[in-house]
Amino acid sequence: ASEATHEEIVKLREQYSFFHWFLEFPGVFSTPDDGQGVNPDTGWTGGFDCVLGNPPWDSVELKEQEFFARRDPEIAEVSRASERKKLIAALKDDSDKQELYAQAKRKVYAESHFLRRSGRVPLTGKGNLNVYAIFAEMDRILLHSRGRCGVIVPTGIATDARTQYFFKDLVKSGSLAAIYDFENRTGLFPAVDSRMKFCILSLVGRDLHEGEA
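(A) Geometry of the packing of helix α3 (residues 64-71) against helix α6 (residues 95-117). Here α3 crosses α6 at 150 degrees, and the two axes come no closer than 12 Å. On the basis of the axis angle, α3 is roughly antiparallel to α6. For the pair α3 and α6, the sense of crossing is right-handed. On the side of α3, the interface is formed by E64, F67, F68 and R71, while α6 contributes K97, L100, Y101 and A104. Split by residue class, the contact of α3 with α6 holds five nonpolar, no polar and three charged.

Take a look at the structure:
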């Protein structure tokens, strides 16, 4: 690559903190000739024996009020979106805030575009994107063929229209080992509404049959 292209790559790497699973864990994701075979669903080899997580329960979008909460409280306190956008448009006189806002919008757009178009998460990278669903599918992809996965996610992973393709595939393929549903009535998660329903989702790798899970 030219020097200018290389410099741009380095700048973007520093700005977005790109993460590549194969490069970060070369001992986990092996080469096709190691005897483990290639996962026919993902094209990956190797994988983690155990994946555990509690991913963010948030949408892939730029929330203007959160973004401006510390940068410009006057904008953040405006509840009507139309009025808020007028104030944002008036930021042309404040180049620093305007640049930060433009960068934030670009970052969210790029993330959304990647998740929808790259084929990286084909079952959850569609419709209204939610981070927890993306993580759940990634956790499944990262599993070794005889690995196990457990994540805490909203019960919508099994009931929402936007996750129907993912959950249907879990059931059809036999990847679903168990799902335990809860409500937050006892305040297990203090910052979450007491009516919020969440679940423990347990998955297994493709080589573990239902009877062995």
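(B) Examining the layout of surface pockets more closely. As a volume, the largest pocket reaches approximately 1,500 Å³. Along its surface, the largest pocket is lined by 43 residues, and Y16, K107, E111, F114 and L115 are the ones closest to its centre. Class assignment of the residues belonging to the lining of the largest pocket gives a composition of 26 nonpolar, eight polar and nine charged.

(C) View of the environment of K97. Relative to the helices and strands, K97 is located in helix α6. For K97, a relative accessible area of 22% gives the class partly exposed. Counting along the chain gives 73 residues from K97 to E24, while the straight-line C-alpha distance between them is 34 Å. Those residues in contact with K97 that sit more than four places away from it in its chain are R71, D72 and L91. Within the structure, the side chain of K97 is placed 3.2 Å from the backbone oxygen of R71, a separation counted as a polar contact. Engagement of the side chain of K97 in a polar contact is seen with the side chain of D72, the distance being 3.1 Å.

(D) Just the side chain of S145, in detail. Structurally, the position occupied by S145 is in strand β2 (residues 143-154). By relative accessible area, S145 is classed as buried at 8%. Once residues lying within four places of it in the same chain are set aside, the contact partners of S145 are G205, R206, D207 and L208.

Conventions adopted
Residues numbered from 1 in each chain as written. Predicted model: local features only at pLDDT ≥ 70, side-chain atom pairs only at ≥ 80, totals over all residues. Heavy atoms only, no water. Axes fitted to C-alpha atoms, helices over the stretch in contact; angles between N-to-C directions. Helix = DSSP H or I, 4+ residues; strand = E, 2+ residues; numbered from the N terminus. Parallel < 35°, antiparallel > 145°, perpendicular 65-115°, else oblique. Left-handed = near helix turned anticlockwise from the far one by under 90°. Contact = heavy atoms within 4.5 Å. Nonpolar A, V, L, I, M, F, W, Y, C, P; charged D, E, K, R; others polar. 1 Å grid on protein atoms, 1.4 Å probe; cavity = no way out; pocket = protein on both sides within 12 Å on 5 of 7 lines; lining within 4 Å. Points joined across faces, edges and corners; volume = space filled by probe spheres on them. Buried < 20%, exposed > 50% of the residue type's maximum accessible area, 1.4 Å probe, protein only. Polar contact = N/O pair within 3.5 Å; in protein donor to acceptor, adjacent residues only side chain to side chain.

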